[in-house]
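Inside the fold
Here are the chains, one letter per residue:
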Amino acid sequence: MHYSPLVERHFATPCNVGQLASGSDVLTARAGSQDRGVEILLSARVEHDRIVALNHRVYGCPHSIAAASWLTERLTGATLQDLARWTWREAATALEVPPEKWGRLLVLEDAVRALEKNWRSRPSNHAETA
Amino acid sequence: MHYSPLVERHFATPCNVGQLASGSDVLTARAGSQDRGVEILLSARVEHDRIVALNHRVYGCPHSIAAASWLTERLTGATLQDLARWTWREAATALEVPPEKWGRLLVLEDAVRALEKNWRSRPSNHAETA
Amino acid sequence: MSERLPIYLDYAATTPLDPRVAEAMIECLHTSELQGNPSSMGHEYGRRARARVEQARAQVAAAINARPASIVWTSGATESNNLALLGAARFHADRGKHIVSSRTEHKAVLDALKQLEAEGFSVTYLKPASDGIVTVEQVRDALRDDTQLVSLMHVNNEIGVIQDVGAVGRLCRERGVLLHVDAAQSAGKVSIDVEEMGVDLLSLTAHKVYGPKGIGALYLRRNPPVGLRPLMFGGGQELGLRSGTLPTHQIVGMGVAFEIAEREREADVVRIRALRERLWAGISKLRNVELNGDPERRVCSVLNVSFHGVEGESLQYALADLAVSTGSACASASETPSYVLRALGRSDHVAQSSLRFSLGRFTTEAEIDAAIVSVTQAVERLRSIAPKNTGE
Amino acid sequence: MSERLPIYLDYAATTPLDPRVAEAMIECLHTSELQGNPSSMGHEYGRRARARVEQARAQVAAAINARPASIVWTSGATESNNLALLGAARFHADRGKHIVSSRTEHKAVLDALKQLEAEGFSVTYLKPASDGIVTVEQVRDALRDDTQLVSLMHVNNEIGVIQDVGAVGRLCRERGVLLHVDAAQSAGKVSIDVEEMGVDLLSLTAHKVYGPKGIGALYLRRNPPVGLRPLMFGGGQELGLRSGTLPTHQIVGMGVAFEIAEREREADVVRIRALRERLWAGISKLRNVELNGDPERRVCSVLNVSFHGVEGESLQYALADLAVSTGSACASASETPSYVLRALGRSDHVAQSSLRFSLGRFTTEAEIDAAIVSVTQAVERLRSIAPKNTGE
Ligand SMILES: Cc1ncc(COP(=O)(O)O)c(C=O)c1O
Ligand SMILES: Cc1ncc(COP(=O)(O)O)c(C=O)c1O
């Protein structure tokens, strides 16, 4: 199995590990399961229209672990629109993930979609999206 | 293939090699052929009732060569009766010839029998055998 | 490529050469008198090579209490297993076309049996209990009137459990069924006595016993003689059962390896078992780890552990400083979870999170202690970043 | 046991190791980093061993102008021949069950073909002319609609004649018939180009090319791919065509041996041919000696001579100071006259009185001159004691 330097770095020293204390400004999203081989938990603090902090927990292969870590850097500062635009292919390209592992990145995208959904459904959010 | 010390010695330095110049007192006998794998030529000088000289020529395997050489030592001084009594088994025992080679010794015995026959058929011989 | 080499804990995949074996082989490689063809009995070079070949045959035979004439040289246990199974089944097809084996056999047995199924044989694959053991009762119940052959491995290569081959041997004797035993993993670690075990065919290989790769042997009972159809035909070496020029240096290496392995077996076993117990004592301090295979009836050198809550590939990647295996060597090239652990009832996902640690003659206490630290750190780190199942 | 060792003139039976090959093998035997299982891709020990295996694959492939992916490691040419013939015939049985070969093939081909006959294939064994050559016309005439395979050796092991494999290859291409070539004796002596020769399957062995015994290779055309039924099943090494742990040191030895053999081939051939001609010049001074096999179309190293009027066993025994062969190594254990010479029309008795002198890389002029003296003395002595055909 080949691992790109970026995968190696994020696997060795993942960033933004953990879960933000729940609060009115904190969104969480979960996707996958250990039995499926990947499980991801995202928690984001939102201020105004942006993610100001994004944490993760992950169970999975080195590519999944690196992708989750990489994602939290990538989407810190993101708007709801950025989140909506994001797809797994970005991670596949950035981390040189081999095709046999793409399925695992879909789980990561599931988590992002779930986060987006929770964000839209926030009361404070209606005005903006109206 | 195993060769006994006696075979080794007779193969390395065979004795009584050659053919006696033909004469009234010289008997010869031939048996076998190259195609059959063994050919033996015996020539004996007879004085009174004994072989006083016995020469051989031989084509064959090491056991055959050694047996022919050994035979010329063994039967020098032999009488017609000794010749009649001689069988290949004597050579087989003395030279430790393995069974798969016994057939070749039968050719040697053929030569001895032929020599015996020639001896008996000598005119000078009738009186004695009568 | 890592600069410092990892700690080698993969002795069940293959062992490094014992220096004494290397020395004996190198003598053959350097001495031109020994480099004739052992079949060239017409001259001294051939006869001297042949003498070494026969000396080695006696060494291997002695290690399993067999007569030298019952040892056939092969290229390894894969060939021995194939020669035994394909050879006996095809030769004795008239006796019946049913074969009994188990689900946790090595691929060299399972794939040979698949081939026989394609040729019209039927095979019963016994499912071991969750401890990995196949009982003699299971074998008895599986025997049919048309059963001609039973094949059961002595020591399993992935989990190290030891099967009670002797009991199965007695059963097969009663029933007049041939017994083949794959002993690739037991040689040098568990006593092998083909007479006492009542084995008819037994597969051996040198490279699991500190001997060279690419040489093995098949024990073949000579009285009553067991008939075999050869896999390859030709010069008629090895009584026509296995043609091909005999590799003197390889055979000499196997002979010395087996001679040493048997002579030093008991001391080796005690030392290696202690190291393995030390390793397990350290690893089992982690929560949610599980030993695979019967804890008692196992070879001294193998420890197969499932780490719950840790993904297998990441665990192996995090343990780059340890040379361990996620299953049999051949399997570990692929991604698929071990079929042996599956047969024991483990889920794909648990099987996937399992590692085989296999120790050997050159393993040190320091290596074991370092391994414990690495495993502990890797498992704790990976668990610490995973979502808590009691999340939020 | 003789004190001084005889002069080795039996290179066609097996060659001593080239010291450079021994050195490369010994590095593998001494270096623990190279002693992992080449299938253990999960750790550095396995990956380093694998790298050496693939390097050797490239070396062997280069020597026959093939792609590395078309080389399958085996235990020697006996296995390669069996894998090629049994493997292809069984796999392609639907294409037809007729095979064309020759009477002077090595036993590893003839006995594999016998097995196929037992399995319902029919085989045409072409009889070479008295010079040992099988013509392309003979092959063409033998081809039938149901012919699936032709097997013809490149260089004969007993008489050294070279078959025109290229012409047969072109014919087989036209007719869509597979061609297998046993090249065990040609490697390192005659140029081998699988593309130019149009060969689909080609057998190689290391121990005739100053490499180790017990390792060989089968070249297998990859485009269009040639299907094969394996002889043995298991770990799935070598793309499933040949399971079993790869013996790194053996493979490395074969790689180096073939790399050297190809690089130094032309120089070796010139030197060895000159020595062989010197030997023949000396021996042919004796009356009634006859060269077996075509005097021109022959490999540089082999001289097979019939000595009329001299019994074979006695000749060999008298030549105890020469290590020569009365036929192929495997045969020379037995007493039976060479079936190759018989096929050339020699009588049992003449075949019996024939010797194969085979020279090699380490043969010296002094050895050849000593051999001439021994042969001359032995032949003259044995003839001198034989009955004169013009006796009395
Ligand atoms: C139990 C068992 N059988 C057979 C084999 C195959 O042996 P070899 O690699 O010598 O072909 C192995 C090792 O790979 C093994 O562990
Ligand atoms: C022409 C030929 N084919 C095949 C073989 C068999 O090769 P190996 O001894 O490597 O099995 C030999 C040598 O014995 C040979 O000369």
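Residues numbered from 1 in each chain as written. Chains lettered and ligands numbered in written order. Predicted model: local features only at pLDDT ≥ 70, side-chain atom pairs only at ≥ 80, totals over all residues. Heavy atoms only, no water.

Moving on to the site of ligand 1. Lining the immediate environment of ligand 1, one finds 15 residues, of which Thr78, Asp182, Thr205 and Lys208 of chain C together with Thr245 of chain D sit closest. Residue neighbours of ligand 1 fall on chains C and D, so the site bridges chains. Between His106 of chain C and ligand 1, the recorded distance is 3.5 Å, taken from a side-chain N or O atom to an oxygen atom. Within the side chain of Lys208 of chain C, one N or O atom sits 2.9 Å away from an oxygen atom of ligand 1. Taking 390 Å² as the accessible area of ligand 1 by itself, protein coverage stands at 96%. Among the elements that take part in the shell around ligand 1, helix 3 (residues 77-91) of chain C stands out by supplying three residues, more than any other. In the shell around ligand 1, the residues fall into three nonpolar, 10 polar and two charged. (Near = heavy atom within 4 Å. Polar contact = N/O pair within 3.5 Å; in protein donor to acceptor, adjacent residues only side chain to side chain. Areas by Shrake-Rupley, 256 points an atom, 1.4 Å probe, with all protein chains shown as cover. Helix = DSSP H or I, 4+ residues; strand = E, 2+ residues; numbered from the N terminus. Nonpolar A, V, L, I, M, F, W, Y, C, P; charged D, E, K, R; others polar.)

All right, on to the interface of chain D and chain B then. Contacts between chain D and chain B engage 20 residues on the former and 26 residues on the latter. Between chain D and chain B, a total of about 2,000 Å² is buried, with carbon and sulfur atoms accounting for 52% of that surface. Taken as a group, Tyr317, Ile385 and Pro387 of chain D account for 34% of the area that chain D buries against chain B, more than any other trio of residues on that side. Summed over the shared surface of chain D and chain B, the result is two salt bridges. Linking Glu313 of chain D and Lys101 of chain B is a salt bridge whose minimum nitrogen-to-oxygen distance equals 3.0 Å. Inspection of the chain D/chain B interface yields 10 residue pairs in polar contact (both at pLDDT 80 or more). For the side of chain D that touches chain B, the class distribution of residues is seven nonpolar, seven polar and six charged. (Contact = heavy atoms within 4.5 Å. Buried area = accessible area lost by both parts, 1.4 Å probe. Salt bridge = Lys/Arg side-chain N within 4 Å of Asp/Glu carboxyl O.)

What follows concerns the confidence of the model for chain A. This prediction gives chain A a mean pLDDT of 93; 95% of its residues lie at or above 70. Note that pLDDT drops below 50 for residues 126-130 of chain A; the model gives that stretch five contacts with residues more than four away or on any other chain. (pLDDT = per-residue confidence, 0-100.)

Residues and elements named next belong to chain B. Strands sit in the order 1-2-3 across an open sheet of three strands; the sheet is antiparallel. This sheet does not close on itself; its edge strands, each paired only once, are strand 1 (26-33) and strand 3 (50-59). Taken over all neighbouring pairs, the strand axes of this sheet differ in orientation by 15° on average, direction set aside. Two strands pair when backbone bridges link them, and strand 1 and strand 2 (residues 38-47) are joined in this way by eight bridges, in the antiparallel orientation. Residue pairing for strand 2: Arg30 is matched across the bridge by Leu41. Packed on one face of the sheet, helix 5 (residues 102-120) meets strand 1, strand 2 and strand 3 and runs near 150° to strand 1. (Pairing = 2+ DSSP bridges. Axes fitted to C-alpha atoms, helices over the stretch in contact; angles between N-to-C directions.)

Let us look at the site of ligand 2. If you check the shell around ligand 2, you find 15 residues, and the closest are Thr245 of chain C together with Thr78, Asp182, Thr205 and Lys208 of chain D. Near ligand 2, the surrounding residues belong to chains C and D. In the environment of ligand 2, an oxygen atom lies 3.5 Å from a nitrogen or oxygen atom belonging to the side chain of His106 of chain D. Between an oxygen atom of ligand 2 and a side-chain N or O atom of Lys208 of chain D, the distance comes to 2.9 Å. Take the shell around ligand 2: its biggest share by element is three residues, from helix 3 (residues 77-91) of chain D.

Each of the two chain copies can be brought onto the other by rotation about an axis and movement along it. By a simple turn and slide, chain C fits onto chain D: the slide is 0.0 Å along the axis, the RMSD is 0.0 Å, and the turn is 180°. Seen this way, the second copy is the image of the first under a two-fold rotation axis. Mapped onto chain D, 100% of the interface residues of chain C are again interface residues, and the two copies thus contact each other with one and the same surface. (Least-squares fit on C-alpha atoms with pLDDT ≥ 70 in both.)

How large an interface is tends to be reported as the accessible area lost when its parts come together. Tallying the contact residues gives 66 residues for chain C and 66 residues for chain D. Approximately 5,200 Å² of surface area, both sides summed, lies buried where chain C meets chain D, with 62% of it carried by carbon and sulfur atoms. Viewed at the interface, chain D and chain C are joined by 18 residue pairs in polar contact (both at pLDDT 80 or more). Within the residue set of the side of chain C that touches chain D, elements represented by two or more residues are helix 1 (19-30), helix 2 (44-63), helix 3, helix 4 (107-118), helix 8 (248-263) and helix 11 (329-332) of chain C. Tallied by class, the residues present in the side of chain C that touches chain D amount to 27 nonpolar, 28 polar and 11 charged.

What follows covers the packing of helix 1 of chain C against helix 8 of chain C. All names here are of chain C. For the pair helix 1 and helix 8, the least separation of the axes is 8 Å and the interaxial angle reads 155°. If you check the angle between helix 1 and helix 8, you find them roughly antiparallel. Both helix 1 and helix 8 take part in a crossing whose hand is right-handed. Between helix 1 and helix 8, the contacting residues are Arg20, Val21, Ala24, Met25, Cys28 and Leu29 on the first element and His249, Gln250, Val252, Gly253, Val256, Ala257 and Ile260 on the second. (Parallel < 35°, antiparallel > 145°, perpendicular 65-115°, else oblique. Left-handed = near helix turned anticlockwise from the far one by under 90°.)

Residue and element names in this part refer to chain A. Contact pair helix 4 (residues 88-95) / helix 5 (residues 102-120): the axes reach a minimum separation of 8 Å and the direction vectors enclose 130°. Considering the angle they form, helix 4 stands oblique to helix 5. Relative to helix 5, helix 4 is oriented so that their crossing is right-handed. Here Trp88, Arg89, Ala91 and Ala92 of helix 4 lie close against helix 5, whose contacting residues are Trp102, Leu105, Leu106 and Glu109. Its residues assigned to classes, the contact of helix 4 with helix 5 shows six nonpolar, no polar and two charged.

Residues and elements named next belong to chain D. On inspection of all chains with the given rule, the structure shows 72 salt bridges over all chains. Its salt-bridge partner being Lys114, residue Asp111 comes within 3.0 Å of it at the nearest N-O pair. With Asp111 and Lys114 both in helix 4 (residues 107-118) and three residues apart, the pair spans about one turn of that helix. For Lys114, a relative accessible area of 48% puts it in the partly exposed group. (Buried < 20%, exposed > 50% of the residue type's maximum accessible area, 1.4 Å probe, protein only.)

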